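Residue-level structure breakdown
Below, each chain spelled out in residue letters.
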Amino acid sequence: MHYGIGHATRRIALFLAVTLGAGAALAQTSPDMGKLTATGGVIQVEGAGGGGLVPWALISGYGSRDSWGANAHYTRVTTQDYSLDTYGVAVGFADRVEVSLATQDFRGSLAPLNDLRIKQDIVGVKVKLVGDAVYDQDMLLPQIAVGAMAKRNKGIGGLGVLGVSKVTQLGARDENGVDYYVAATKILLDQSLLLNGTVRLTKANQMGLLGFGGDKGDSYQAKLEVSAAYLINRKLVAGVEYRMKPRNLGADNEKAYYDAFIAWFPTKHVSVTAAYAVLGDITIFNPVRQRGAYLSVQTGF
Amino acid sequence: MKLKSLSAIAALLAFASLSHAADDSIYVGLGGQQGIKSIVATLIPLIQADARIKESFADSDMKHVGMRLEEQFCTLSGGPCEYKGEPMAETHGGLKVTNAQFNALTEDLQAAMERNKVPSRIQNKLIAKLAPMQRTIVTR
């Protein structure tokens, strides 16, 4: 299984090399900012183009099919007892391929977990396969993309007194994992609606912050993630999301995530997303439903 | 007299159901013929000032372009008009229109509708009718 993940990571690395090679050629053309406002979505909490929690089929950035675009983002979710900071970049090539890099930084604030700190790096790739969410208004076919997120958990800090420094000590089978997903996004302009459905194959516990696989299960499970949003005007989108998750750890009664968000696009260079997010219980040691504010700022072209 | 008013009502009802069948709700939302005229009057100078696309229209008779746009918006929105221009593929065939240029004109149209106080959901309904033309118009 270690071999499997290493193999997948190598394949993603090879794909990245090819993409970046093609991207370098494309990058000689200047960014055209050619897509319509908001049609690259925002960047979700694992670094991919999407909503707040769910990766969508849209390609991040404003580069049209003849160009490229990129975004940097900073996102903070604060619940009663934890906070999660995510920052990174996403680059979209030819409105076809997206490559993203993100770091997640998870902290505890409630004793005895007030020094808890878990970091995770995520490399993502996404390829649009068929359909166009914007232009195909005369057909039902959504924009469909496939993607992968290779995640590397960098260990646990702040639990030294308990002798815990790795997620494997909490029951996870692995510190590294790869999520695979297929996303379908449809913008129904006639109804001013955006609908998204994503199916993710995953072993990740709390997105990977608590590792991959565990004492209760160590096989890939298909989990559904959905989003629905109303296009209030071309600079304002409001919606809801729901994301199911596996439950691999005996020590973590993991729950689905959900949120209600509003995203504002004052210009094509900036977006701000505010949400109320419910993340459920995080570990059996703190059986309190975690919920709170989500704020994401993004800048790019 | 009674019979006359009855048949007038019947005629009105028939007309109403006919126009309902054609669904002119977008046309009405745009403000009818007058609204569309006003939107296009706002749109033309936006196009002429838009660095992304103004050169594509440099040799065009903008009065003619305006009339064709009015007809097209009227027809697409379910209004009582007929598009008298040439098919989109022929008018744009040699122009090598890029995707970014297509979207630039879309953005100018959105701005023109906004300035004419067209509600966003009506704007989106018209854009929904125009969007599939991307496949015909964008040839580069």
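Please refer to the structure higher up on the page.
The shown structure was predicted, so the numbers you read here are calculated from the model rather than taken from an experiment.

Before going further, it helps to spend a moment on the overall build of chain A. Check the secondary structure of chain A and you find one helix and 14 strands. In terms of overall size, chain A behaves like a compact globule, its C-alpha atoms giving a radius of gyration of 19 Å where 301 residues would be expected to give roughly 19 Å. When each of the 301 residues of chain A is scored for burial, the buried share is 55%. If you sum the accessible surface of chain A, you get close to 11,800 Å²; carbon and sulfur atoms cover 66% of it. In chain A, the 30 positive side-chain charges and the 25 negative ones have mean positions that sit 1 Å from each other.

As a further point, take the state of the cysteines. Disulfide: a covalent bond formed between the sulfur atoms of two cysteine residues. Residue and element names in this part refer to chain B. The full count for this structure, using the stated rule, is one disulfide over all chains. Residue Cys74 pairs covalently with Cys81 via a disulfide, S to S 1.7 Å. Its S-S torsion of approximately 65° makes the covalent link between Cys74 and Cys81 right-handed. What makes Cys81 partly exposed here is its relative accessible area of 26%.

Across the 11 residues of helix α7 (residues 120-130) of chain B, nine count as buried, placing the element largely inside the fold. For α7(B), the set of buried residues is B:Ser120, B:Ile122, B:Gln123, B:Asn124, B:Lys125, B:Leu126, B:Ile127, B:Ala128 and B:Leu130. Buried residues belonging to α7(B) abut β10 (221-233) of chain A together with α2 (25-29), α4 (62-76), α6 (99-115) and α8 (134-137) of chain B.

When a protein is soluble and globular, its nonpolar side chains tend to lie buried together. Judged by nonpolar contacts, the single largest core of 77 residues is most densely connected at A:Phe106, A:Leu116, B:Leu30, B:Phe73, B:Leu109, B:Met113 and B:Leu126. Per element, the largest residue contribution to this core is seven residues, and it comes from helix α3 (residues 32-49) of chain B. In this view, B:Leu126 contacts B:Ile26, B:Leu30, B:Phe73, B:Leu76, B:Leu109 and B:Met113; residues no more than four positions away in its chain are not counted. Judged by nonpolar contacts, the second largest core, of 13 residues, contains A:Leu16, A:Val97, A:Val99 and A:Val125.

With the rule as written, the count across this model stands at 31 salt bridges over all chains. With its nearest N and O atoms 2.7 Å apart, the salt bridge here joins A:Asp136 to B:Arg135. One end of the pair, A:Asp136, is in the loop between β6 (117-130) and β7 (143-157); the other, B:Arg135, is in helix α8, on a second chain. Between A:Asp138 and B:Arg135 there is a salt bridge whose closest N-O contact spans 2.5 Å. On the criterion of chain membership, the pair formed by A:Asp138 in the loop between β6 and β7 and B:Arg135 in helix α8 is interchain, its members lying in two chains. By relative accessible area, which is 48% here, A:Asp138 ends up partly exposed. Among the charged side chains, a network of salt bridges with common partners joins A:Glu46, A:Lys151, A:Asp179, A:Arg200, A:Glu225 and A:Arg243.

Next up on the list: the interface of chain A and chain B. At the junction of the two partners, chain A supplies 23 residues and chain B supplies 23 residues. Summing both sides of the interface, chain A and chain B together bury roughly 1,900 Å²; the carbon and sulfur share of this comes to 46%. Taken together, chain A and chain B are joined by five salt bridges. At the surface where chain A touches chain B, the tally comes to 10 residue pairs in polar contact (both at pLDDT 80 or more). Within the side of chain A that touches chain B, the residues separate by chemical class into eight nonpolar, six polar and nine charged.

Residue and element names in this part refer to chain A. Read around the closed barrel, the 12 strands follow the order β3-β4-β5-β6-β7-β8-β9-β10-β11-β12-β13-β14; overall the barrel is antiparallel. For this sheet, the mean inter-axis angle between neighbouring strands, taken without regard to orientation, is 20°. Bridge count between β6 and β7: 12 bridges; the pairing is antiparallel. Within β7, the residue paired with Val125 across the bridge is Ala148.

All names here are of chain B. Of the voids in this model, the largest pocket is the one considered here, and its volume is about 810 Å³. Residue lining of the largest pocket: 34 residues in total, with Phe57, Leu69, Met88, Thr91 and His92 positioned closest to the centre. Across the lining of the largest pocket, the residue classes tally to 20 nonpolar, 10 polar and four charged. Counted as a void, the second largest pocket has a volume near 350 Å³. A breakdown of the residues in the lining of the second largest pocket according to their chemical character gives 17 nonpolar, three polar and one charged.

Residue and element names in this part refer to chain A. Following the sequence through the fold, Gly124 ends up in strand β6. Along the chain, Gly124 and Val178 lie 54 residues apart, while their C-alpha atoms are 9.4 Å from each other. Here Gly124 is in contact with Glu98, Val99, Ser100, Ala148 and Met149, once residues within four sequence places are set aside.

So, on to the packing of α3(B) against α6(B). Residue and element names in this part refer to chain B. Across the interface, α3 lies against α6 with an axial gap of 8 Å and an inter-helix angle of 135°. In terms of axis orientation, α3 runs oblique to α6. Two packed elements cross with a definite hand, and for α3 against α6 that hand is right-handed. When α3 is examined against α6, the residues Ile39, Thr42, Leu43, Leu46 and Ile47 are found in contact with a partner set consisting of Leu105, Asp108, Leu109, Ala111, Ala112, Met113 and Arg115. Residues of the contact of α3 with α6, tallied by class, amount to nine nonpolar, one polar and two charged.

Rules of the game
Residues numbered from 1 in each chain as written. Chains lettered and ligands numbered in written order. Predicted model: local features only at pLDDT ≥ 70, side-chain atom pairs only at ≥ 80, totals over all residues. Heavy atoms only, no water. Helix = DSSP H or I, 4+ residues; strand = E, 2+ residues; numbered from the N terminus. Rg over C-alpha atoms; globule rule 2.2 N^0.38 Å. Buried < 20%, exposed > 50% of the residue type's maximum accessible area, 1.4 Å probe, protein only. Areas by Shrake-Rupley, 256 points an atom, 1.4 Å probe, with all protein chains shown as cover. Lys, Arg positive; Asp, Glu negative; His and termini not counted. Charge placed at Lys NZ, Arg CZ, Asp CG, Glu CD. Disulfide = S-S within 2.5 Å. Contact = heavy atoms within 4.5 Å. Core = buried A, V, L, I, M, F, W, Y, C linked by side-chain atoms within 4.5 Å. Salt bridge = Lys/Arg side-chain N within 4 Å of Asp/Glu carboxyl O. Buried area = accessible area lost by both parts, 1.4 Å probe. Polar contact = N/O pair within 3.5 Å; in protein donor to acceptor, adjacent residues only side chain to side chain. Nonpolar A, V, L, I, M, F, W, Y, C, P; charged D, E, K, R; others polar. Pairing = 2+ DSSP bridges. Axes fitted to C-alpha atoms, helices over the stretch in contact; angles between N-to-C directions. 1 Å grid on protein atoms, 1.4 Å probe; cavity = no way out; pocket = protein on both sides within 12 Å on 5 of 7 lines; lining within 4 Å. Points joined across faces, edges and corners; volume = space filled by probe spheres on them. Parallel < 35°, antiparallel > 145°, perpendicular 65-115°, else oblique. Left-handed = near helix turned anticlockwise from the far one by under 90°.

Nothing here speaks to function; it is all geometry.
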